[in-house]
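Chains, contacts and geometry: an overview
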Amino acid sequence: MMYDKRYVALNVRVDESGDSRPLAIHWYDYDKASLYPIDEILEIKRSPAENVGSGGIRYKIRIRGKVTNLYYEGPRWFVEEERAE
Amino acid sequence: MTDRIIYHIDMNAFYASVAQMMDPSLRGKPVAVAGDPEKRNGIILAKSRQAKEVGVKTAMAIWEAKRQCPSITIVPPDYHAYKRYSRLFREMCYEYTDLVEPFGLDELWMDVTNSLHLQHCSPYALAVRIADRIRCELGLTVSIGISWTKPFAKLGSDIDPGDGIIEITKENYEQVVWERPAGDLIYVGPATESKLAHSGYVTIGDIAHAGDYFLQKRFGKIGFYLRSFARGEDETPVREYDPVTADTEYDIKGIGNGLTAPHDLTTLGDVKALTWLLSESVAQRLRAARMRARTISIGIRKAKDLSGYTRQTTLDAPTCLTRDIANAAMNLICENQPLDPEHAIRAIHVRVTNLNAMDIPVQHDLFGDADEVHKMEKLDLTIDALRQRFGNACVRRMVELEDPSMAGLDIARDNTVHPIGYLR
């Protein structure tokens with residue numbers, strides 16, 4: 001399976017102490033826009049992105065029952081997108 | 001007093017590892033980071049472990065490396081990423097102690113003597129934990145040396161460059177350290193090593209047992225340093241980090257810039273263009289540091305056999321003018337070699353030392369033109385201010401435009417202050 005590094009738009013809540021918590025991911029597929037709410041954050045840890053290289057602070061999240069990783073890299077956030085073969 | 005516990009942490013094949021981490025397709029393959037062959041600084045800066053195994057060495061030309069290993073992937077350096085990972089690496093170490101002293105981008109010493117009890121583990125176990133964290137969080141591997149002095153800790157991390165953790169204690173140092181070749185000791189380079197070897201000093205143990213007379217005669221002060229390193233008597237502290245100066249502020253002893261020219265320099269015009277370009281950057285940095293300099297030195301590398309020489313001159317009065325520095329540097333070059341294709345120059349380095357603060361009054365020459373110097377200083381400072389606002393390219397010297405291949409260079413902007421030496 002090949003992966004692409006895809007930067008995403010997010011809704012993030014920043015609390016009084018400056019900690020940020022991602023709430024939902026905006027996903028654009030051609031002309032279709034969808035919003036995926038993040039159901040749960042399972043783990044927050046600095047980690048390299050194994051599939052696409054580089055890395056950042058990794059949020060292990062659950063969206064619609066599926067566990068995936070969301071990375072915070074400097075000011076931007078990215079996900080590892082599975083490339084359609 | 002109990003012994004100190006000092007770690008020396010060394011990122012393995014740092015540049016190449018970062019390149020492999022950034023691009024998963026390079027993992028497990030021979031990779032080398034190299035300069036740009038077009039700009040003629042195309043030598044191997046770093047190589048991955050796989051490339052090292054087949055004999056690719058640092059400072060090889062790219063074609064040599066390709067002959068050695070045809071499947072090698074050459075990637076350009078990405079200093080931005082190196083700096084970022086170097087910072088993350090340091091920040092992680094600050095979680096264990098405030099005594100962290102970086103030594104280059106990829107190495108540092110840390111002193112955990114007084115903070116180890118907070119971790120509730122042995123020095124070795126903490127080293128394993130740190131190495132694990134760096135691997136899991138940054139995706140890079142390190143080797144760690146643990147000892148009670150900085151030179152021994154560094155030596156420990158060099159013994160096993162493949163993710164090893166080596167503890168050098170007062171019980172085992174005679175076996176571990178003293179049997180190693182003298183060149184493994186910090187500050188013993190090839191020149192010192194061959195000097196030592198001529199006198200029959202081959203291992204670090206030999207240095208540790210060297211006599212005062214020999215050391216004084218052959219090496220002077222540095223000889224005694226080396227012996228104290230070899231005996232584990234060095235007490236140099238791990239310097240505390242000062243967040244205000246962010247590891248960048250220290251007594252400046254000299255300012256210099258050097259560049260390998262995009263093509264060999266064979267005419268006065270070519271040499272002048274590069275010399276002025278370098279002098280401009282040096283003078284600009286000098287003025288930014290509010291300093292004046294008296295000694296101007298140049299370093300030249302010849303295109304023919306890559307041999308080099310350095311020359312220096314001391315001016316009558318300290319200066320911070322680009323004009324004075326560039327003229328002094330040009331005179332040095334012209335006095336020392338003819339400028340023709342036979343003596344083509346590959347690289348030039350301009351450096352100023354013997355610095356004085358700008359606020360110290362200058363004794364002017366009785367017959368010189370002090371007003372003019374003052375005017376020129378004001379002009380240079382005004383140009384600096386313009387450059388600060390609008391970029392270095394907003395005001396340029398005519399001589400720089402003569403050579404179009406150098407027109408795009410911005411030496412002051414691309415300047416990076418590299419780590420300072422161990423013996424400050």
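Computed from a predicted structure; not experimentally measured.

Scanning chain A for helices and strands turns up zero helices and eight strands. Secondary structure elements in chain A, listed N-terminal to C-terminal, are β-β-β-β-β-β-β-β. Computed over its C-alpha atoms, the radius of gyration of chain A comes to 13 Å, within 12% of the 12 Å expected for a compact globule of 85 residues. Scored against the burial criterion, the 85 residues of chain A give a buried share of 34%. Once local pairs closer than 6 in sequence are excluded, the contacts in chain A between residues at least 24 apart make up 38%. Roughly 5400 Å² of accessible area belongs to chain A as shown, and the carbon and sulfur atoms make up 47% of that amount.

With the rule as written, the count across this model stands at one cavity of 30 Å³ or more. For the largest cavity, the calculated volume is near 40 Å³. Together, Arg46, Ser47, Pro48, Gly55 and Gly56 of chain A together with Arg84, Tyr85, Leu88, Glu137 and Leu138 of chain B line the largest cavity. Breaking the lining of the largest cavity down by element, the ones donating at least two residues are β5 (40-48) and β6 (55-63) of chain A together with α4 (79-94) and α5 (123-138) of chain B. Classifying every residue of the lining of the largest cavity by side-chain character gives four nonpolar, three polar and three charged.

On to α4 of chain B. All names here are of chain B. Here α4 is 16 residues long and its end C-alpha atoms lie 22 Å apart, about the 22 Å a rise of 1.5 Å per residue gives. Regarding α4, the residues found buried are Ala81, Tyr82, Tyr85, Ser86, Leu88, Phe89, Met92 and Cys93. The arc enclosing the buried residues of α4, seen along the axis, measures out at 160°, which places them on a common side.

Bringing the packing of aromatic side chains into the picture now. All names here are of chain B. Per the stated rule, a full pass over the model turns up 17 aromatic pairs over all chains. Look at Phe152 and Tyr173: their rings are 5.8 Å apart centre to centre, the planes differ by 40°, and that puts the pair in the tilted class. Taken together, the residues span a long stretch of sequence, with Phe152 in helix α6 (residues 150-159) and Tyr173 in helix α7 (residues 173-176) at a distance of 21 residues. A residue is classified by how much of its surface remains accessible, and Phe152, at 0% relative accessible area, is buried. Given a relative accessible area of 14%, Tyr173 falls into the buried group. Taken together, a centroid distance of 4.4 Å and an interplanar angle of 10° make the contact between Tyr201 and Phe214 stacked.

Okay, the sheet that holds strand β4 (residues 32-37) of chain A next. Residues and elements named next belong to chain A. The three strands lie next to each other as β2-β3-β4, forming an open sheet whose pairing is antiparallel. Only two strands of the sheet have a single neighbouring strand rather than two, namely β2 (9-14) and β4. Pairwise comparison of adjacent strand axes, ignoring direction, gives a mean angle of 20° for this sheet.

Turning our attention to helix α10 (residues 212-219) of chain B. Residue and element names in this part refer to chain B. Buried within α10 we find Phe214, Leu215 and Phe219. Summarising the axial view, the buried residues of α10 lie within an arc of 95°, below the 170-degree limit, and thus occupy one face. Turned more than 90 degrees away from the buried face of α10 sit Tyr213 and Lys217, all of them exposed. The elements touched by buried residues of α10 are α8 (190-198) and α11 (221-231).

Residue and element names in this part refer to chain B. Phi is positive for His120, close to 55°, though the residue is something other than glycine. Looking at the element boundaries, His120 is found in the loop between β6 (107-111) and α5. The backbone of Tyr187 sits at a positive phi, close to 75°, despite the residue not being glycine. By the element assignment, Tyr187 lies in the loop between α7 and α8. Its relative accessible area of 34% is what places Tyr187 among the partly exposed residues.

The next point concerns the interface of chain B and chain A. Contacts between chain B and chain A engage 13 residues on the former and 13 residues on the latter. Buried area between chain B and chain A, both sides added, is near 860 Å², and the carbon and sulfur share of it is 52%. A salt bridge links Arg27 of chain B to Glu50 of chain A; the nearest nitrogen and oxygen atoms lie 3.2 Å apart. For the pair chain B and chain A, the interface holds three residue pairs in polar contact (both at pLDDT 80 or more). Breaking the side of chain B that touches chain A down by element, the ones donating at least two residues are α1 (14-22), α4 and α5 of chain B. The greatest single-element share of the side of chain B that touches chain A, amounting to four residues, is contributed by α5 of chain B. Here the side of chain B that touches chain A is composed, by residue class, of seven nonpolar, one polar and five charged.

Residues and elements named next belong to chain B. As summarised here, the arrangement of the five strands in space is β5-β6-β1-β7-β8, forming an open sheet in which the pairing is mixed. At either margin of the open sheet sits one strand with a lone partner, and together these are β5 (100-102) and β8 (165-167). Pairwise comparison of adjacent strand axes, ignoring direction, gives a mean angle of 15° for this sheet. Across three bridges, the pairing between strand β7 (residues 142-147) and β8 is parallel. Bridge pairing in β8 links Ile146 to Glu167.

It is worth spelling out the environment of Thr275 of chain B at this point. Residues and elements named next belong to chain B. Within the fold, Thr275 resides in helix α12 (residues 268-288). Here the alpha-carbon distance between Thr275 and Ile325, two residues 50 residues apart in the chain, equals 9.4 Å. Here Thr275 is in contact with Ala326, Ala329, Met330, Ile333, Ile348 and Val350, once residues within four sequence places are set aside.

Residues and elements named next belong to chain A. With seven bridges joining them, β6 and strand β7 (residues 66-73) adopt antiparallel strand pairing. Paired with Tyr59 across the two strands is Leu70, which belongs to β7. Hairpin connection, β6 to β7: the antiparallel pair is bridged by two residues, and Arg64 has positive phi, about 50°. Across four bridges, β7 lies against strand β8 (residues 76-82) in antiparallel orientation. Within β8, the position partnered with Leu70 by the bridge is Val79. Between β7 and β8, which pair antiparallel in sequence order, lie two residues; one of them, Gly74, sits at a positive phi of approximately 60°.

Reading guide: rules and limits
Residues numbered from 1 in each chain as written. Chains lettered and ligands numbered in written order. Predicted model: local features only at pLDDT ≥ 70, side-chain atom pairs only at ≥ 80, totals over all residues. Heavy atoms only, no water. Helix = DSSP H or I, 4+ residues; strand = E, 2+ residues; numbered from the N terminus. Rg over C-alpha atoms; globule rule 2.2 N^0.38 Å. Buried < 20%, exposed > 50% of the residue type's maximum accessible area, 1.4 Å probe, protein only. Contact = heavy atoms within 4.5 Å. Areas by Shrake-Rupley, 256 points an atom, 1.4 Å probe, with all protein chains shown as cover. 1 Å grid on protein atoms, 1.4 Å probe; cavity = no way out; pocket = protein on both sides within 12 Å on 5 of 7 lines; lining within 4 Å. Points joined across faces, edges and corners; volume = space filled by probe spheres on them. Nonpolar A, V, L, I, M, F, W, Y, C, P; charged D, E, K, R; others polar. Expected span 1.5 Å × (residues − 1). Arc of directions from axis to C-beta. Phe/Tyr/Trp six-rings, centres within 6.5 Å; stacked < 30°, edge-to-face > 60°. Pairing = 2+ DSSP bridges. Axes fitted to C-alpha atoms, helices over the stretch in contact; angles between N-to-C directions. Buried area = accessible area lost by both parts, 1.4 Å probe. Salt bridge = Lys/Arg side-chain N within 4 Å of Asp/Glu carboxyl O. Polar contact = N/O pair within 3.5 Å; in protein donor to acceptor, adjacent residues only side chain to side chain.

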